[in-house]
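Chain by chain, the residues run as shown.
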Protein chains: 2
Amino acid sequence: MALEVVSGRKVLYGSNDSKETMRVFASLFEHEVPFEFINVNIKPKDHRSFLSQIPFGELPVYKEEDDDLVLFGSRAIMRYISHVYMIKGKEHVFVSPRMQGMVSSWIESEDHWFDPLASKLIYELIDKPKVGLPAEEAVVDETEDELAKILDLYEDQLKENDYLAGDKFTSADLTHLPNLYYLIKTKTKRLFEERPRVAAWCALIMSRPAWAKVLAMVHT
Amino acid sequence: MALEVVSGRKVLYGSNDSKETMRVFASLFEHEVPFEFINVNIKPKDHRSFLSQIPFGELPVYKEEDDDLVLFGSRAIMRYISHVYMIKGKEHVFVSPRMQGMVSSWIESEDHWFDPLASKLIYELIDKPKVGLPAEEAVVDETEDELAKILDLYEDQLKENDYLAGDKFTSADLTHLPNLYYLIKTKTKRLFEERPRVAAWCALIMSRPAWAKVLAMVHT
């Protein structure tokens with residue numbers, strides 16, 4: 001199907017250090033889409049009337065003003081951007097339906113298996129210590145065991161290709177970046193280092209120039 | 001982008017009364033895709049060697065044999081089918097990127113907000129009683145309160161159109177059907193009936209001929 005390119009002012013409402021906002025940043029930078037960012041950590045008051053209307057109260061929300069388009073759900077926004085703003089030769093999806101299906105399956109893998117475990121570990125190992133609470137070691141051990149099994153499947157999947165859904169970087173890889181960013185600051189990092197293909201994949205996708213731009217946003 | 005149509009023997013491995021399998025049934029029937037169904041409740045032994053290789057051990061798995069394509073994740077399979085087997089004039093996606101984005105956001109709404117609450121209620125009100133355990137009333141009440149808030153947003157979204165993502169039936173509606181099928185058998189049904197537009201939407205999407213075919217599969 002033909003996808004015409006949408007023009008118009010693009011605004012992302014989010015929180016610069018939230019994983020969901022980082023996912024959308026990464027997709028926007030990869031696709032070289034100019035956008036305005038409203039950091040709701042800093043100016044929620046200015047935008048209170050808009051923010052009160054956000055579906056499910058969940059950020060980020062992506063808005064294209066000329067088109068009166070409002071999208072929510074970080075992976076939905078990522079999918080939208082990867083289809084509408086694809087750069088010829090550097091698409092984050094595949095044109096062949098078979099490969100597009102693979103991208104979808106591996107986005108769902110991140111969403112349903114990788115993310116819940118990663119989020120639990122980040123909560124225990126980063127969020128709780130930050131407010132002076134100890135990590136619950138039994139929860140950490142159990143969650144790491146589950147994540148290790150998932151990473152064994154990733155190690156296997158990366159046998160034939162450098163990327164999850166085939167021989168090029170796609171949204172299936174990109175969607176993992178925000179959790180990786182936080183996890184490699186914790187002792188869980190070793191689970192990635194112990195698996196050579198997973199370790200190489202992490203290094204590869206974290207070295208992308210667009211990801212450096214995301215980190216600059218996170219650290220402002 | 002152009003999507004060529006894939007040929008080849010199509011096999012769905014699943015469990016005929018699982019919500020995830022029902023989601024894929026619905027999409028296959030809507031798109032009139034001929035497929036073979038392997039009910040793993042009945043013949044797991046015959047397929048043990050294949051099943052042992054299923055990513056994440058999660059069903060359903062969809063296989064196109066000629067292409068050596070194996071997809072997992074019920075929503076990923078649904079997305080694949082809706083793009084590859086679209087029927088002209090009855091597409092379950094929109095050709096315009098704006099509307100495709102809306103479909104993605106409302107699939108994510110089902111996945112992240114509707115499904116977790118619905119699954120919790122189905123567990124308490126159907127699965128537990130089935131094995132002689134009482135439902136935990138406090139959990140049911142609290143979950144229904146949360147679901148009611150979500151359904152208020154649905155009621156609002158349905159103000160302008162009969163369907164969630166626009167003026168026609170799409171995968172964003174379809175993906176809700178399996179949870180609806182189970183929830184309307186419980187007292188939670190009233191939350192849908194109390195909201196006129198949500199009630200009309202439920203009646204509309206549950207009356208589709210393809211859904212009748214799914215129910216025939218569930219009841220075999």
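Here the structure is shown first, and the text comes after it.
Here is a short report on the structure shown in this document. Remember, predicted model here, so these are calculated numbers, not experimental data. (Residues numbered from 1 in each chain as written. Chains lettered and ligands numbered in written order. Predicted model: local features only at pLDDT ≥ 70, side-chain atom pairs only at ≥ 80, totals over all residues. Heavy atoms only, no water.)

A closer look at the sheet that holds strand S2 (residues 36-39) of chain A
Residues and elements named next belong to chain A.
Then step 1. The strand order across the open sheet built from 4 strands is S2-S1-S3-S4, with neighbouring strands paired in mixed fashion. Each of the sheet's edge strands pairs with one partner strand only, and the pair in question is S2 and strand S4 (69-72). Neighbour-to-neighbour, the strand axes of this sheet turn through a mean angle of 20°, independent of strand direction.
Then step 2. Where strand S1 (residues 10-14) lies against S2, 4 bridges are found, and the strand directions are parallel. Residue Leu12 lies in a different strand from S2, and its bridge partner there is Phe37.
Then step 3. Strands strand S3 (61-64) and S4 of the sheet are contacted by helix H3 (residues 74-84), whose axis makes an angle of about 125° with S4. (Pairing = 2+ DSSP bridges. Helix = DSSP H or I, 4+ residues; strand = E, 2+ residues; numbered from the N terminus. Axes fitted to C-alpha atoms, helices over the stretch in contact; angles between N-to-C directions. Contact = heavy atoms within 4.5 Å.)

Details of the environment of B:Lys187
Then step 1. Inspection of the secondary structure puts B:Lys187 in the loop between helix H7 (177-183) and helix H8 (189-193).
Then step 2. Residues B:Lys187 and B:Glu144 lie 43 residues apart in sequence; the distance between their C-alpha atoms is 10.0 Å.

Some details on the interface of chain B and chain A
The extent of an interface is frequently quoted as the accessible surface area lost upon association of the parts.
Then step 1. Taken together, the contact between chain B and chain A spans 40 residues of the former and 40 residues of the latter.
Then step 2. Of the roughly 3,600 Å² buried at the junction of chain B and chain A (both faces included), carbon and sulfur atoms supply 66%.
Then step 3. Joining chain B to chain A, the criterion identifies 0 salt bridges.
Then step 4. Secondary-structure elements contributing two or more residues to the side of chain B that touches chain A are strand S4 (69-72), helix H3 (74-84), helix H4 (97-130) and helix H5 (137-157) of chain B.
Then step 5. Broken down by element, the side of chain B that touches chain A gets its largest block of residues, 13 residues, from H4(B). (Buried area = accessible area lost by both parts, 1.4 Å probe. Salt bridge = Lys/Arg side-chain N within 4 Å of Asp/Glu carboxyl O.)

A look at a negative patch on the surface
Residue and element names in this part refer to chain A.
Then step 1. Negative charge collects at one region of the surface, where Asp141, Glu142, Asp145 and Glu146 lie side by side.
Then step 2. Assignment of secondary structure puts Glu146 in helix H5 (residues 137-157).
Then step 3. Exposure remark for Glu146: the relative accessible area of 35% places this residue in the partly exposed category. (Patch = residues over 30% accessible without salt bridge, like charges linked within 9 Å, V, L, I, M, F, W, Y side chains within 5 Å. Areas by Shrake-Rupley, 256 points an atom, 1.4 Å probe, with all protein chains shown as cover. Lys, Arg positive; Asp, Glu negative; His and termini not counted. Charge placed at Lys NZ, Arg CZ, Asp CG, Glu CD. Buried < 20%, exposed > 50% of the residue type's maximum accessible area, 1.4 Å probe, protein only.)

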